[in-house]
Amino acid sequence: MAELESHQSNRVLTEEVIGKKATLFMEYEGCLKNEEVAWRQRSRALWLKEGDRNTSFSTKQLMPTRDTTILINWKYRERL
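Treat the numbers as computed from the prediction; the structure is a model and nothing was measured.

Asks: Hey, could you go over the overall build of the protein for me, with residue numbers and the actual values?
Replies: Helices and strands together make up the secondary structure of the protein, namely three helices and zero strands. Going from the N terminus to the C terminus, the protein shows its helices and strands as α-α-α. For the protein, buried positions account for 2% of its 80 residues. With an accessible surface of roughly 7,800 Å², the protein has 58% of that area assigned to carbon and sulfur atoms.

Asks: Residues and numbers for a nonpolar patch on the surface, please.
Replies: A contiguous nonpolar patch, built from Phe25, Tyr28 and Leu32 and spanning about 300 Å² of accessible area, is present on the exposed surface. Along the polypeptide, phenylalanine 25 turns up in helix H2 (residues 15-50). Note on phenylalanine 25: relative accessible area 40%, which makes it partly exposed.

Asks: Can you lay out the confidence of the model for the protein for me, pointing to particular residues and giving the numbers?
Replies: With 56% of its residues at a pLDDT of 70 or more, the protein shows a mean pLDDT of 77. Across the protein, element-level confidence peaks in H2 with a mean pLDDT of 88 and bottoms out in helix H1 (residues 2-10) with 65.

Asks: Can you tell me about the packing of aromatic side chains, naming the residues and giving the values?
Replies: In the structure shown here, the tally under the stated rule is zero aromatic pairs. For the cation-ring pair, arginine 42 lies above tryptophan 39, with the distance from its terminal atom to the ring centre recorded as 4.7 Å.

What counts, and at which threshold
Residues numbered from 1 in each chain as written. Predicted model: local features only at pLDDT ≥ 70, side-chain atom pairs only at ≥ 80, totals over all residues. Heavy atoms only, no water. Helix = DSSP H or I, 4+ residues; strand = E, 2+ residues; numbered from the N terminus. Buried < 20%, exposed > 50% of the residue type's maximum accessible area, 1.4 Å probe, protein only. Areas by Shrake-Rupley, 256 points an atom, 1.4 Å probe, with all protein chains shown as cover. Patch = residues over 30% accessible without salt bridge, like charges linked within 9 Å, V, L, I, M, F, W, Y side chains within 5 Å. Salt bridge = Lys/Arg side-chain N within 4 Å of Asp/Glu carboxyl O. pLDDT = per-residue confidence, 0-100. Phe/Tyr/Trp six-rings, centres within 6.5 Å; stacked < 30°, edge-to-face > 60°. Lys NZ or Arg CZ within 6 Å of the ring centre and 35° of its normal.

If you want it as structure tokens, here you go:
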């Protein structure tokens, strides 16, 4: 890419060189996208392997709420 940029600054580019530049740029973007996908997959695999540290915290926070809801529903049913 740098070589093509230097040619561009020295002279007007031919259609062949412009096409080559466009092809190289598209390949470069494809490589960047593939790298991003690979990193995302790696982080997802690591997360699944090690687990989320917040899961136990969230569960502990929701358990009393669930128990309270069950008791309220049970008391309400007794009144009927």
